[in-house]
Each structure stands twice: as structure tokens, then as C-alpha cells.
Amino acid sequence: MKQTKISYWLKGMTVVLGIMGLLGLGGLTWYASTIKKEMPESAQWQFIFFTWYTAVLCYLVLLQFWKVCTEIGKDNSFSMENARAFHVMGLCAVAEIIGEAGRLVWLGVTGLAEPVSVLEVVVKMILAAMFLLLCEALSRLVQYAYDVKRENDLTI
């Protein structure tokens, strides 16, 4: 029963994060369209493509986390499903690092590479790398716990 309650709380948090993301993405999309209307010659509005790319990755992470929450609710926290879900989240982090590297190139090509914008991208890459390490560590820990649990079940 405790696991089910934890699962519901985590899923609720996931839904709230998803809604917050949609609101932020909507606001940024509106802002990009405003920039495009006001300064059609500027490439600055094109940042929205990288933002949407990141948003898709974030929603893929939330989907994987939803799967983890479902397994927790089934009292199956240490499962291969959860190990795989954390690994997929880590792969999303790798894709984000690649996307941010693309953003750096875009900033350079468009002449928008100012120190603040470059620093912002580098910080995002570092955060994505930290998320990757966290996800891979959790994936391996969950897989190890699953293997130990399975081994103990076989010896009983």
C-alpha cells in the first residue's frame, strides 16, 4: 500500500512537471514568433527549434519516469524495466548534449555567440552530463538489486 501511495505522488509530480513544461514551451514559442515578426532579418527567433528539441527529450524522460513510477506502484522497484528506463533517460541526456553542441555551432554560425549565451549552453551540457551519470548509476544499481533479488529467489 505504501508503494502505491508513493507511486501516485511521483506520478502527480510528473504530471505537474509536464504541465509546467507545456506552459513554458508555449510562452517561449510565442516569444520566438514575436521576435520573428519584429525582426524578420534576425536569426535569433530560431532558438525555438533547439527548445522544442530539448522539450521532446524532456517528455521522453518524463515518460520513462512514469514507467518507473508504475513499477514502484506494483512493488517492483528493483526490476529490469526500471533499469532499462533509467538507461533510456541517460540516452536522452546524451541526445541533449549533442543538441546543445549543435546549438553552440548555430550560435557561432549566426553570429549570436555572446559570452552569456555560450555559458548558458555549456551549463546545460554540464547538467545533462550530470543527469546522464545519475541515470546510468541508478540503472546499474537497480539492475544489481534485481540480480541479487532474483538470485535469492532462486536459492529459496
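Worth saying up front: this structure is predicted, and the values here are computed from it rather than measured.

Reading the values: rules and limits
- Residues numbered from 1 in each chain as written.
- Predicted model: local features only at pLDDT ≥ 70, side-chain atom pairs only at ≥ 80, totals over all residues.
- Heavy atoms only, no water.
- Axes fitted to C-alpha atoms, helices over the stretch in contact; angles between N-to-C directions.
- Helix = DSSP H or I, 4+ residues; strand = E, 2+ residues; numbered from the N terminus.
- Parallel < 35°, antiparallel > 145°, perpendicular 65-115°, else oblique.
- Nonpolar A, V, L, I, M, F, W, Y, C, P; charged D, E, K, R; others polar.
- Core = buried A, V, L, I, M, F, W, Y, C linked by side-chain atoms within 4.5 Å.
- Buried < 20%, exposed > 50% of the residue type's maximum accessible area, 1.4 Å probe, protein only.
- Contact = heavy atoms within 4.5 Å.

A. Looking closely at the packing of helix H2 (residues 47–73) against helix H3 (residues 80–110). Packing of H2 against H3 brings their axes to within 9 Å, and their N-to-C directions diverge by 170°. With respect to H3, the element H2 is oriented roughly antiparallel. For the contact of H2 with H3, the per-class residue count stands at 15 nonpolar, 6 polar and 6 charged.

B. Summary view of the nonpolar core. Formed by Leu-57, Val-61, Val-68, Ile-72, Ala-83, Ala-85, Phe-86, Met-89, Cys-92, Cys-135 and Val-142, the largest nonpolar core amounts to 11 residues. Those elements that place two or more of their residues in this core are H2, H3 and helix H4 (115–155). With 5 residues, H3 is the single largest residue contributor to this core. Apart from residues no more than four positions distant in its own chain, Leu-57 is found in contact with Cys-92, Ala-95 and Glu-96. Core analysis: the second largest hydrophobic core is formed by 9 residues, Ile-35, Phe-47, Ile-48 and Val-121 among them.

C. Molecular detail of unusual backbone geometry. Within the chain, Asp-75 stands out as a residue other than glycine whose phi angle is a positive 60°. If you trace the backbone, Asp-75 turns up in the loop between H2 and H3. On the basis of relative accessible area, Asp-75 is assigned to the exposed category, the value being 56%.

D. Spatial organisation of the environment of Met-89. As for its position among the elements, Met-89 is in helix H3. Once the C-alpha coordinates of Met-89 and Gln-64 are considered, the two residues, 25 residues apart in sequence, prove to be 6.7 Å apart. What Met-89 contacts, discounting residues up to four positions off in sequence, is Val-61, Gln-64, Phe-65, Val-68, Phe-131 and Cys-135.

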